[in-house]
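Structural overview for review
Below are the chains, spelled out letter by letter.
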Amino acid sequence: MKFPDGPKTPALLQSINIIVNPLNYLEDCAKRYGDMFTIRFLNYPPTVFVSHPQAMKTIFTANPQTFNTGEAMKELPTAFSGENALPLLDGDLHKHRKKMLMPAFHGERMRAYSQLICDITKQQMTQWKKGEQFHVQGSMQDISLQFIIRAIFGVNEEARFQQLNQTFISLLNLMSSPLTSTVLYFHALQQDWGPWSLWGRFVRLRQQVDDIIYAEIKRRQDNPALLGEDILSLMMKARDEQGEPMKDVELRDDLMILLLGGHETTSMSITWALYWIHRLPQVYEKLMAELDTLGDNPDSSAITKLPYLNAVCHETLRIYPPTILGAYRIAQEPIEIMGYHFEPGTYILPCIYLTHRQEDLYPEPNHFRPERFLDRQFSAYEFVAFGGGSRRCIGYALSLFEMKLILATILTNLKLALPDNRVIKPVRSAFTVAPSPMYMIPA
Ligand code: HEM
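Reference entry: report on the structure contained in this document. Every chain's residues receive numbers from 1 upward, in the order its sequence appears when written. For this predicted model, a pLDDT threshold of at least 70 governs which residues receive local features, and a threshold of 80 or more governs which side-chain atom pairs are given and counted, while totals over whole chains, interfaces and linings are taken from all residues. Excluding hydrogens and water, the side-chain values take into account all heavy atoms of the structure.

What follows covers the sheet that holds strand β2 (residues 47-50). Strands are labelled as partners when DSSP assigns at least two bridges between them. Strands here mean DSSP runs of E at least two residues long; helices mean DSSP runs of H or I at least four residues long; both are numbered from the N terminus. Here 5 strands make up an open sheet; going across it, the order is β1-β2-β8-β5-β3 and the pairing mixed. Either end of the sheet is taken by a strand with one partner, and the two such strands are β1 (36-39) and β3 (67-68). Direction of pairing for β1 relative to β2: antiparallel, over a ladder of 4 bridges. Paired with F37 across the bridge in β2 is F49. Here a residue-residue contact requires only that any non-hydrogen atoms of the pair lie within 4.5 Å. Inter-axis angles, ranging from 0 to 180 degrees, are taken between N-to-C directions of lines fitted to C-alpha atoms, where helices are fitted over the stretch in contact. Taken strand by strand, helix α2 (residues 22-33) contacts β1 and β2, and its axis lies near 125 degrees from that of β1.

Pasting the structure below:
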């Protein structure tokens, strides 16, 4: 079997490039080798990167049995979530678990979250002082973490909420450091040398988060009257094909992934959106004109249907998708992708960032231009911020809903400015590509 061409440098160098400087490295590879190229990572078989919409279509529409994902994900998320989490499952296990989780993220449930999102956003805004800079990422993370914790656990008691919030923030902060995020990629470096060592601190904080999660599960098991409409309760009430509920460890592993997935990606996207809206006056004016049509106290469905706000959110997720890569797909049977024949066992990675940089689809791809999404409709293989097929992000509707409500709440209540019209650049964070530190000033 012939792999597509790719860099010839040692695997260690290729791994470092993808960790330290992913966007430039991926763009360089695409320029040199085209839409499909092979990168060699340390400890991994050669990985074929694909980005052409036709390749995305082949992958996303393939029978779910054609690819496994879980076995390739074992290194990184296991450290955080354990091996029972949804992204680590394959085949029927993955299909059935996803079916059990989906209802908590769709349809009617969205509307139930709208008041919570607006209240948390308004509460956060009270901390921004007129004329004083505030750190946008920090504020957006506060909002999205508070929201996801309350949506998952329905924690109304302030003390229990604060305990989980603080512990989880400490864990995330530790993981965001470049050193820890590197350690997360290399199993051999994950050594507990005591509470002061990097991995020792990680393990202890993770244990604290675990203890809180298991206590929340137990409270509901001991008193079923507490089973409400929060995501954890819905997960505990769900039954698989055999009528069995999820085990405690499965609940715990999935909750860790939901906390992580539901928090950083969304908050970074809202930060980017605020940047573009305030960096480009024409975008701000057009959006404000649209928001003005809503009148006082609009309901959430009116906000989510606004076409220009929708276009701004999509363009934000297009230009710098928070997850630049989709999940691994390991071929389980021979598969042909754009003329290349791949044998079972081939590692394939959908490269979201490069799909969104295709010039013929998105002319002048480095320009933020929401109008693209008004002028034409992109297919599920052209706009791929949430991946696709059986692995598509479970939180896509929730995060778009959250983005729109938070942006509308901020913009209709406050005028913000970017100090010195500073340029914000994408930088690598623990699991995403995030905006560089950004500050804004309430006028
Ligand atoms: C802007 C926000 C978000 C973006 C850009 C994003 C992006 C992604 C991407 C690219 C994938 C992999 C899909 C694939 O390879 O086909 C994924 C999977 C996943 N996401 Fe998200 N995500 C976001 C928000 C969320 C939220 C809010 C949650 C939950 C609360 C979440 C939970 C998950 C889970 C559990 C998976 C694994 C799905 C599976 O294995 O079947 N994500 N996400």
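There's more to say after this.
Our next topic: the coordination of the iron atom of the ligand. Any N, O or S atom lying within 2.8 Å of the metal counts as a donor, and for Na, K and Ca the limit rises to 3.2 Å; water is left out, so some sites can look incomplete. The sole protein-derived ligand of the iron atom of the ligand is C393 (SG), positioned 2.3 Å away. The topology assignment puts C393 in the loop between α19 (372-375) and α20 (396-413).

Our focus in this paragraph is the site of the ligand. Taken together, the neighbourhood of the ligand is formed by 31 residues, with H94, K98, A327, R329 and C393 sitting nearest. A 3.5 Å cut-off defines polar contacts: any pair of N or O atoms within that distance qualifies, except that in protein one atom must be a possible hydrogen donor and the other a possible acceptor, and neighbouring residues in sequence count only when both atoms are side-chain atoms. Measuring from an oxygen atom of the ligand, one finds a side-chain N or O atom of K98 at 2.7 Å. Within the residue set of the shell around the ligand, elements represented by two or more residues are α6 (91-101), α13 (248-261) and α14 (264-279). Tallied by class, the residues present in the shell around the ligand amount to 14 nonpolar, 13 polar and 4 charged. Near, as used in this document, describes a residue that has one of its heavy atoms within 4 Å of the molecule or strand being considered. Only Asp, Glu, Lys and Arg are considered charged in this grouping, and only Ala, Val, Leu, Ile, Met, Phe, Trp, Tyr, Cys and Pro are considered nonpolar; every other residue, Gly among them, is considered polar.

We now examine the packing of helix α8 (residues 136-153) against α20. Between α8 and α20, whose axes approach to 12 Å, the crossing angle comes to 130 degrees. What the angle tells us is that α8 and α20 run oblique. Once α8 is placed against α20, the crossing between them reads as right-handed. Taken together, the residues of α20 that come into contact with α8 (itself represented by M140, I143, S144, F147 and I148) are L398, E402, I406 and I410. Grouping the amino acids of the contact of α8 with α20 by side-chain chemistry returns 7 nonpolar, 1 polar and 1 charged. Note that the term roughly parallel is reserved for angles under 35 degrees, roughly antiparallel for angles over 145, roughly perpendicular for angles of 65 to 115, and oblique for everything else. Two helices crossing with the near one rotated counterclockwise from the far one by less than a right angle form a left-handed crossing, whereas a clockwise rotation gives a right-handed crossing.

Attention shifts here to the nonpolar core. Only buried residues count toward a nonpolar core. Its members are Ala, Val, Leu, Ile, Met, Phe, Trp, Tyr and Cys residues joined through side-chain atoms within 4.5 Å. Accessibility here uses a 1.4 Å probe with only protein chains present; expressed as a share of the type maximum, an area under 20% marks a residue as buried, one over 50% as exposed, and anything in between as partly exposed. If you look at the biggest cluster of nonpolar residues, it comprises 122 residues, and the most contacted ones within it are F49, M140, I152, F153, I231, L274 and I277. Setting aside residues no more than four positions away along its own chain, I152 makes contact with D230, I231, L232, L255, L258 and L259. Within the second largest apolar cluster, 16 residues are counted, among which are M36, V48, F60 and A331.

Now for α2. Taking 1.5 Å per residue, 12 residues should reach 16 Å; α2 reaches 16 Å between its end C-alpha atoms and fits that length. For α2, every residue scored as buried is listed here: P22, L23, Y25, L26, C29 and Y33. The buried side chains of α2 occupy one side of the element, clustering within an arc of 165 degrees when seen end-on. Seen from the open side of α2, the exposed residues pointing more than 90 degrees away from its buried face are K31 and R32. Against the buried residues of α2 lie α1 (11-20), β1, β2, α18 (352-355), β10 (426-428) and β11 (433-435). Directly beyond the C-terminal end of α2, a positive phi value near 95 degrees is found at G34. The length a helix should cover is 1.5 Å for every residue beyond the first. Working definition: the arc comes from the directions between the helix axis and the C-beta atoms, pointing outward to the latter.

Take the sheet that holds strand β9 (residues 416-417) next. Overall, antiparallel pairing links the 3 strands, which are arranged β4-β12-β9 in an open sheet. Of all strands in the sheet, those with a lone pairing partner are β4 (134-135) and β9, marking the two edges. As paired strands, β9 and strand β12 (residues 439-442) are joined by 2 bridges and run antiparallel to one another. From the neighbouring strand, A417 faces β12, where its bridge partner is I441.

What follows covers the packing of aromatic side chains. Ring geometry is summarised as follows: Phe, Tyr and Trp rings, the Trp one being its six-membered ring, pair when their centres sit within 6.5 Å, and such pairs are stacked at plane angles under 30 degrees, edge-to-face over 60 and tilted between the two. Evaluated as defined, the whole model comprises 19 aromatic pairs. Among the aromatic residues, those joined into a cluster by ring pairs are W272, Y275, W276, Y320 and F368. Sitting over the ring of F3, R40 keeps its end group 6.0 Å from the ring centre. Any Lys NZ or Arg CZ that is within 6 Å of a ring centre and within 35 degrees of that ring's normal is treated as a charge sitting over the ring. The ring centre of F161 lies 3.8 Å from the NZ or CZ of R150, which sits over that ring.

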